[in-house]
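# Coordinate inspection notes
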Amino acid sequence: MATKSKSKRKSLGKSKSALNLKQRPRRNRQSAFVRDLVRESKVSVEDLIWPVFVKEGIAKREEIKTMPGVFRFSEKELIQEAREAVKLGIRAIALFPAIDPKKKDPHGSEALNKNSLVPRSIRALKSALPDLVIIADVALDPFSSDGHDGLVVDGEIVNDESVEVLANMALVFAEAGADYVAPSDMMDGRIGAIREALDRDGFTKTGILSYCAKYASSFYGPFRDALDSAPKSGDKKTYQMDPANAREALREAALDIREGADILMVKPGMPYLDILYRLREKVSLPLAVYQVSGEYAMICAASDRGMIDRRRAIEESLLSFKRAGADMILTYFAKEWAGY
Ligand code: PBG
């Protein structure tokens, strides 16, 4: 190997200087080893969080049409898959439940059922893989017949009533053994309410990964297909952030920190690298970024058609998150990347 790379290093030899340049940035790019030395950011498997869909009442995985290569796993498959992920070096998974439509109602009652899919899955994962970090999403949309993250009253997504339900939901997941609860709902005051509820019941070690700057994005489309969780009416613009706003993300971050968040997340990823960077400049908490379903789908679609190279596009996209300041990355490519 060493001799091979040596023989290729022609560029380290002499060449005539036509321009009188003191600074030649290309000197630091002239060989793979030199590039390795000066590289500023790296992705490692320990930074990756794998978002996983689990569905009750199925014996075999179902592929999600708009996310080729991503599946709704049966409860049994979930454990096997998680075991494989751990073997590959993955430290954390984020759980998303595909709830039986018959169990969905306007109150999202199933979210508070201690024996339902999510708490059941958390318990099974924790007993099979005690070290694996389990992140449980807190929002009503997978459970609600309205498909909104909070409660809908007369067409309005109400705040304070929703926060009360979300805090109870967080308790159910914490009790089942979740390491982090991850409120993805964007209601005001939910981090504080959840922290208070957790502490009151003795779950002082359960963390909160806040979807802090979550934008009202078109890139969630395939995820909503996966869980059949699209809003039945209206959109999410009265609670998720306006894609035009950046300063507002700093305001959300300040509130979440004050209310007791442990990790802040920006979502989606690639279209919001500037937000990630701004938060990195301002906050000391660990930052997560979510490369969402639509971003996954775009890379798949373009590479399937031979327009871009899949592996290089995945690697470059993950690297861009680290460069912008992410400590950890939620990505549907986690297992694929770890296998490279
Ligand atoms: C639910 C939730 C969504 C995602 C994560 N949690 C969808 C939404 O807010 O509509 C999206 C993830 C993805 O697109 O991969 N609150």
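All of these numbers come straight from a predicted model, not from anything done at the bench. (Residues numbered from 1 in each chain as written. Predicted model: local features only at pLDDT ≥ 70, side-chain atom pairs only at ≥ 80, totals over all residues. Heavy atoms only, no water.)

## Considerations on the site of the ligand
Every one of the 19 residues lining the ligand counts as a neighbour, but Lys214, Arg224, Lys267, Ser293 and Tyr332 are closest to it. For the ligand, an oxygen atom lies 2.6 Å from a polar atom in the side chain of Lys214. Interatomic distance of 2.7 Å between a side-chain N/O atom of Arg224 and an oxygen atom of the ligand. Protein contact buries 100% of the 400 Å² of open area that the ligand shows by itself. Listing elements by their share of the shell around the ligand, those giving two or more residues are β9 (207–214) and α7 (221–227). (Near = heavy atom within 4 Å. Polar contact = N/O pair within 3.5 Å; in protein donor to acceptor, adjacent residues only side chain to side chain. Areas by Shrake-Rupley, 256 points an atom, 1.4 Å probe, with all protein chains shown as cover. Helix = DSSP H or I, 4+ residues; strand = E, 2+ residues; numbered from the N terminus.)

## Focus on unusual backbone geometry
With the exception of glycine, most residues fall at negative phi, and the peptide bonds are largely trans. A cis geometry characterises the amide bond from Lys267 onward to Pro268, with omega recorded as -10 degrees. Relative to the helices and strands, Pro268 is located in the loop between β10 (263–267) and α9 (273–282). Unusually for a residue other than glycine, Asp154 sits at a positive phi of about 50 degrees. Along the chain, Asp154 turns up in the loop between β6 (152–153) and β7 (156–157).

## As for the packing of α9 against helix α11 (residues 310–324)
Where α9 meets α11, the closest approach of the two axes is 8 Å, and the angle between their N-to-C directions is 30 degrees. Classified by the angle their axes make, α9 and α11 are roughly parallel. Residues Leu273, Leu276, Tyr277 and Arg280 of α9 lie in contact with α11, whose contacting residues are Ser320, Phe321, Arg323 and Ala324. The residue inventory of the contact of α9 with α11, partitioned by class, reads five nonpolar, one polar and two charged. (Axes fitted to C-alpha atoms, helices over the stretch in contact; angles between N-to-C directions. Parallel < 35°, antiparallel > 145°, perpendicular 65-115°, else oblique. Contact = heavy atoms within 4.5 Å. Nonpolar A, V, L, I, M, F, W, Y, C, P; charged D, E, K, R; others polar.)

## Re the packing of aromatic side chains
Scanning all chains against the criterion turns up 12 aromatic pairs. Where Phe96 meets Tyr290, the ring centres are 6.4 Å apart and the plane angle is 40 degrees; that geometry is what we call tilted. Of this pair, Phe96 sits in strand β4 (residues 92–98) while Tyr290 sits in strand β11 (residues 287–291), and the two are 194 residues apart along the sequence. As far as burial versus exposure is concerned, Phe96 and Tyr290 are alike and both buried. Between Tyr296 and Phe333, the ring centres sit 4.6 Å apart and the planes meet at 35 degrees, which makes this aromatic pair tilted. One end of the pair, Tyr296, is in helix α10 (residues 293–304); the other, Phe333, is in the loop between β12 (328–331) and α12 (334–339), and 37 residues separate them in sequence. By relative accessible area, which is 3% here, Tyr296 ends up buried. For Phe333, a relative accessible area of 0% gives the class buried. (Phe/Tyr/Trp six-rings, centres within 6.5 Å; stacked < 30°, edge-to-face > 60°. Buried < 20%, exposed > 50% of the residue type's maximum accessible area, 1.4 Å probe, protein only.)

## Quick word on the pairing of β9
Burial analysis of β9 places eight of its eight residues in the buried class, which makes it a mostly covered element. Alignment of strand β8 (residues 180–183) against β9, held across two bridges, turns out to be parallel. Across the sheet, Tyr180 pairs through a bridge with Gly207, a residue of β9. Note that the unit made of β8, helix α6 (residues 190–200) and β9 has a crossover that is right-handed. (Pairing = 2+ DSSP bridges. Right-handed = clockwise from strand over helix to strand, strands pointing away.)

## Digging into the confidence of the model for the chain
Of the residues in the chain, 96% reach a pLDDT of 70 or more, and the chain-wide mean stands at 95. Low pLDDT (under 50) marks residues 1–7, which in the prediction has zero contacts with non-local residues, meaning those over four places away or in another chain. (pLDDT = per-residue confidence, 0-100.)

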